[in-house]
Amino acid sequence: GLLSTSAFAAQNIYTKKMLRDYPIHHLSLLLELSQFACALFFPVWLFVEGFDIYNILSVLAGGQLSWFIGMFLVNGILNFCQNIVAFTVLNLLAPLSYAVANCTKRIVVITASLIFLRNPITVANALGMSVAVFGVLFYNKTKMDSKAAQSTLPVTQAPKHTNGSVVRQAYHTGPQPNGLVHANGYISSVRHL
């Protein structure tokens, strides 16, 4: 669990670093990484699960064999599509935002499995989902508050004298007294004669 999550986070960070530092398209990077992973892990997969799949295929007959192979291909195609979407989203977002989006995706997957597959809900499952949901909500609220603070107009303060009192300004509509009226119509200082 923790090792898998750490490896996933490291992959996201280094993938984003490669996309930022090198002139490579995100789908080309996915292609290169997929080929490397296939060459590296195909022998391991064949050793660990190859005999089980061979035993399953030898038992299945006719329609069952076609269904199994069809499900195997659908699973592979959907997994590949998920990787395309993941690399595209990672290309558009920061690694932290992508991690939050991935957390949201996991919440949806878990909820769907609870509804459609009728998996039992344990206390640990409910607690974990609650932490994930509240984490996503708090992250989104913090991000929205940060954007709202950046998009508000800056507040200007009236000019002050050296003693801290506010300089009084008057708006002038008549002829300019001694050239002290600015283009916006405000008088910056008034001379007393």
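Residues numbered from 1 in each chain as written. Predicted model: local features only at pLDDT ≥ 70, side-chain atom pairs only at ≥ 80, totals over all residues. Heavy atoms only, no water.

Asks: Sorry, what's going on with the nonpolar core here?
Replies: Nonpolar side chains in soluble globular proteins tend to end up buried together. Formed by Val100, Ile107, Leu114, Met129, Ala132, Val136 and Tyr139, the largest nonpolar core amounts to seven residues. Of all the secondary structure elements, the ones that give two or more residues to this core are helix H4 (95-116) and helix H5 (123-151). With four residues, H5 is the largest single contributor of residues to this core. (Core = buried A, V, L, I, M, F, W, Y, C linked by side-chain atoms within 4.5 Å. Buried < 20%, exposed > 50% of the residue type's maximum accessible area, 1.4 Å probe, protein only. Helix = DSSP H or I, 4+ residues; strand = E, 2+ residues; numbered from the N terminus.)

Asks: How do you make sense of the layout of surface pockets when you look at a structure like this?
Replies: If a probe the size of a water molecule is rolled over the atoms, the empty space left behind becomes visible. By volume, the largest pocket is sized at about 1,000 Å³. Together, 24 residues line the largest pocket, and Ser34, Ala37, Cys38, Asn79 and Asn83 are the ones closest to its centre. Of all the elements in the fold, those that place two or more residues in the lining of the largest pocket are helix H1 (2-21), helix H2 (26-59) and helix H3 (63-92). Among the residues making up the lining of the largest pocket, the classes are represented as 16 nonpolar, eight polar and no charged. What the second largest pocket holds in volume is close to 340 Å³. Lining the second largest pocket are 15 residues; nearest its centre among them are Cys103, Arg106, Ile107, Ile110 and Ala132. Only H1, H4 and H5 provide two or more residues apiece to the lining of the second largest pocket. It is H4 that provides the largest number of residues to the lining of the second largest pocket, a total of eight residues. (1 Å grid on protein atoms, 1.4 Å probe; cavity = no way out; pocket = protein on both sides within 12 Å on 5 of 7 lines; lining within 4 Å. Points joined across faces, edges and corners; volume = space filled by probe spheres on them. Nonpolar A, V, L, I, M, F, W, Y, C, P; charged D, E, K, R; others polar.)

Asks: Sorry, what's going on with the packing of aromatic side chains here?
Replies: Given two aromatic rings, one states the distance between the centres and the angle between the planes to describe the pair. Taken as a whole and judged by the stated rule, the model has four aromatic pairs. The cationic tip of Arg106 hangs over the ring face of Phe8; the distance from NZ or CZ to the ring centre is 5.5 Å. (Phe/Tyr/Trp six-rings, centres within 6.5 Å; stacked < 30°, edge-to-face > 60°. Lys NZ or Arg CZ within 6 Å of the ring centre and 35° of its normal.)

Asks: Is there a simple way to think about unusual backbone geometry in this case?
Replies: Most peptide bonds take the trans configuration, and most residues that are not glycine carry a negative phi. The residue Arg118 is not glycine, and still its phi comes out positive at about 55°. Tracing the chain through its elements places Arg118 in the loop between H4 and H5.

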